[in-house]
Amino acid sequence: MANSAQAQKLVYLVTGGCGFLGEHVVRMLLQQEPRLRELRIFDLHLGPWVDELKTGPVQVTAIQGDVTQAHEVAAAMDGAHVVIHIAGLVDVFGRASPKTIHEVNVQGTQNVIEACVQTGTQFLVYTSSMEVVGPNIKGHPFYRGNEDTPYEAVHKHPYPRSKALAERLVLEANGRKVRGGLPLVTCALRPTGIYGEGHQIMRDFYHQGLRLGGRLFRAIPTSVEHGRVYVGNVAWMHVLVARELEQRAALMGGQVYFCYDRSPYKSYEDFNMEFLGPCGLRLVGARPLLPYWLLVLLATLNALLQWLLRPLLLYAPLLNPYTLAVANTTFTVSTNKAQRHFGYEPLFSWEDSRTRTIRWVQALESSAQ
Ligand SMILES: NC(=O)c1ccc[n+]([C@@H]2O[C@H](COP(=O)([O-])OP(=O)(O)OC[C@H]3O[C@@H](n4cnc5c(N)ncnc54)[C@H](O)[C@@H]3O)[C@@H](O)[C@H]2O)c1
Ligand SMILES: CC(C)[C@@H](O)CC[C@@H](C)[C@H]1CC[C@H]2[C@@H]3[C@H](O)C=C4C[C@@H](O)CC[C@]4(C)[C@H]3CC[C@]12C
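Cut-offs and rules
Residues numbered from 1 in each chain as written. Chains lettered and ligands numbered in written order. Predicted model: local features only at pLDDT ≥ 70, side-chain atom pairs only at ≥ 80, totals over all residues. Helix = DSSP H or I, 4+ residues; strand = E, 2+ residues; numbered from the N terminus. Rg over C-alpha atoms; globule rule 2.2 N^0.38 Å. Buried ≥ 20, exposed ≤ 12 C-beta atoms within 10 Å, placed from the backbone. Contact = placed C-beta atoms within 7 Å. Pairing = 2+ DSSP bridges. UniProt positions renumbered as here; feature names shortened; annotations may be inferred. Core = buried A, V, L, I, M, F, W, Y, C linked by C-beta atoms within 7 Å. Near = placed C-beta within 6 Å. Nonpolar A, V, L, I, M, F, W, Y, C, P; charged D, E, K, R; others polar. Axes fitted to C-alpha atoms, helices over the stretch in contact; angles between N-to-C directions.

Undergrad: I would appreciate a short explanation of the overall build of the protein chain in the present structure.
TA: Per the secondary structure count, the protein chain includes twelve helices and 13 strands. A compact globule built from 369 residues should have a C-alpha radius of gyration of about 21 Å, and the protein chain, at 21 Å, falls within 12% of that. Each of the three principal axes of the protein chain carries a C-alpha extent, and together these read 60 × 45 × 40 Å. The burial tally for the protein chain puts 44% of its 369 residues in the buried class. Residue pairs in contact within the protein chain that sit at least 24 positions apart in sequence constitute 78% of those at least 6 positions apart.

Written out as structure tokens, the structure is:
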């Protein structure tokens, strides 16, 4: 989109801008936000691709930093009009300690909020998660619910707990006075399971299938629906919210929005096969090949092994008691709150999202050969 000089006046800060979702948000901002003068990409691990972005009309500033370090966040925030806070430890596999997950996801978010107040940044978009809601520890299904659907959100696992605490901090900060006396306007976006180019778990499933002779073995009943949303549509919703938050502060401030598109409702495994099937993998079994009690036993053994091996090496398989429980609990959303509040419509159709993801997996195939 042509950037006229007078329109380019805003400075955006994206934390976690080099991650799976972050990279898509960064690229979407450069394509779709004409008011951008400077885009600051703040991440613990900067990607080499960031340098390629520095040739355009928008000033792209890569900042290697840690959201747990308040002074680093404040320095990156100084002069920014909007912050999109994506950085987080997405760990349900026991790779990081509960303390570290809390430090990054909760304290890191608090540092972002305080940096907004100190520096005068007035608009904060937070990437929350469906897991703030559920599935809960009781395994209650959430069937095509929306932002107002009653549900007992009870968490024990460090990751969902941290996302729920962080989201609450963000929503409670809405209306606080920032430097200069204006109110902080915040909102939180809750993606369900994101898929698309760069999704590490999809990559893991693909490589697992290659190792097993092109086969994956069904573990989850086909009847269990799991909400999924294409990364490009999640990125688009972030861009749109960041753009509309100023004009619609009274309506959007302090609100949560599920991220959704027209991706079909399926079991987690059947949904993955939409992309892995065309790339030569086969899902064996019309129903789970093992009884649920045996899967629970195997998941528990994995957790025990992880604990025993931790002093020697990191053993973090996909199957553990938490991932099995989540995979086995229906959690889908059906809402139009984002459309009603700020005119969101998915930018990518299901067919386009599927094609783009298949092409990405196929590229993995060629790089694996
Ligand atoms: N992937 C999903 O299915 C999904 C679904 C819902 C919500 N989310 C949320 O979206 C956000 C991004 O998730 P993702 O899947 O892109 O994960 P990711 O791990 O690919 O990206 C996270 C990014 O944050 C950075 N980061 C981690 N710790 C940091 C720190 N201390 N300081 C600065 N940067 C740090 C990482 O380097 C990485 O680039 C997370 O907040 C996650 O909770 C993800
Ligand atoms: C080994 C089998 C049981 C296999 O089917 C396990 C799948 C399991 C690894 C995934 C099933 C559901 C996923 C989670 C869901 O998509 C939502 C999430 C919220 C987001 O904030 C972070 C990622 C995740 C927790 C996601 C992680 C993988 C699953 C548990």
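Here the narrative resumes, following the displayed structure.
Undergrad: For this particular structure, what's the right way to read the pairing of strand 5 (residues 123-127)?
TA: A regular strand places its side chains on the two faces of the sheet in alternate fashion. Across the five residues of strand 5, five count as buried, placing the element largely inside the fold. Covered by surrounding structure in strand 5 are Phe123, Val125 and Thr127 together with Leu124 and Tyr126, the residues of both alternating faces. Relative to strand 7 (residues 185-191), strand 5 runs parallel, the two sharing five bridges. In the sheet register, threonine 127 faces strand 7, and the bridge partner there is leucine 189.

Undergrad: Looking at this structure, I do not really get the UniProt feature "domain: 3-beta hydroxysteroid dehydrogenase/isomerase" (unreviewed entry) in the protein chain. What am I missing?
TA: Mapped onto this numbering, the UniProt entry gives "domain: 3-beta hydroxysteroid dehydrogenase/isomerase" (unreviewed entry) at residues 13-283. Between the first and last C-alpha atoms of residues 13-283 the distance is 42 Å; the span itself is 36% helix and 20% strand.

Undergrad: Would you take a moment to explain the nonpolar core for this structure?
TA: Nonpolar side chains in soluble globular proteins tend to be buried together. Formed by 86 residues in total, the largest nonpolar core has its most connected members in Tyr12, Val14, Val25 and Leu124. The greatest single-element share of this core, amounting to nine residues, is contributed by helix 6 (residues 231-244). Leucine 124 has contacts with Val83, His85, Val112, Ile113, Cys116, Val170, Leu184 and Thr186, leaving out every residue within four places of it along the chain.

Undergrad: Looking at this structure, how should I read the site of ligand 1?
TA: Residues in contact with ligand 1 amount to 26 residues; listed here are only the nearest, Gly16, Gly19, Phe20, Leu21 and Gly88. Top element by residues in the shell around ligand 1 is helix 1 (residues 20-32). It accounts for three residues. Partitioned by chemical class, the residues of the shell around ligand 1 number twelve nonpolar, eleven polar and three charged.

Undergrad: I'm lost on the sheet that holds strand 11 (residues 255-259) in this one. Help?
TA: Strand pairing in a sheet relies on backbone hydrogen bonds, with the paired strands running either antiparallel or parallel. With parallel pairing, the seven strands of this open sheet are ordered in space as 3-2-1-4-5-7-11. Both edges of this open sheet fall to strand 3 (59-64) and strand 11, since each of them pairs with a single strand only. When strand polarity is set aside, the average angle formed by the axes of neighbouring strands in this sheet is 20 degrees. In this structure, strand 1 (residues 10-15) lies alongside strand 4 (residues 82-85), joined through four bridges in parallel fashion. Within strand 4, the residue paired with valine 14 across the bridge is isoleucine 84.

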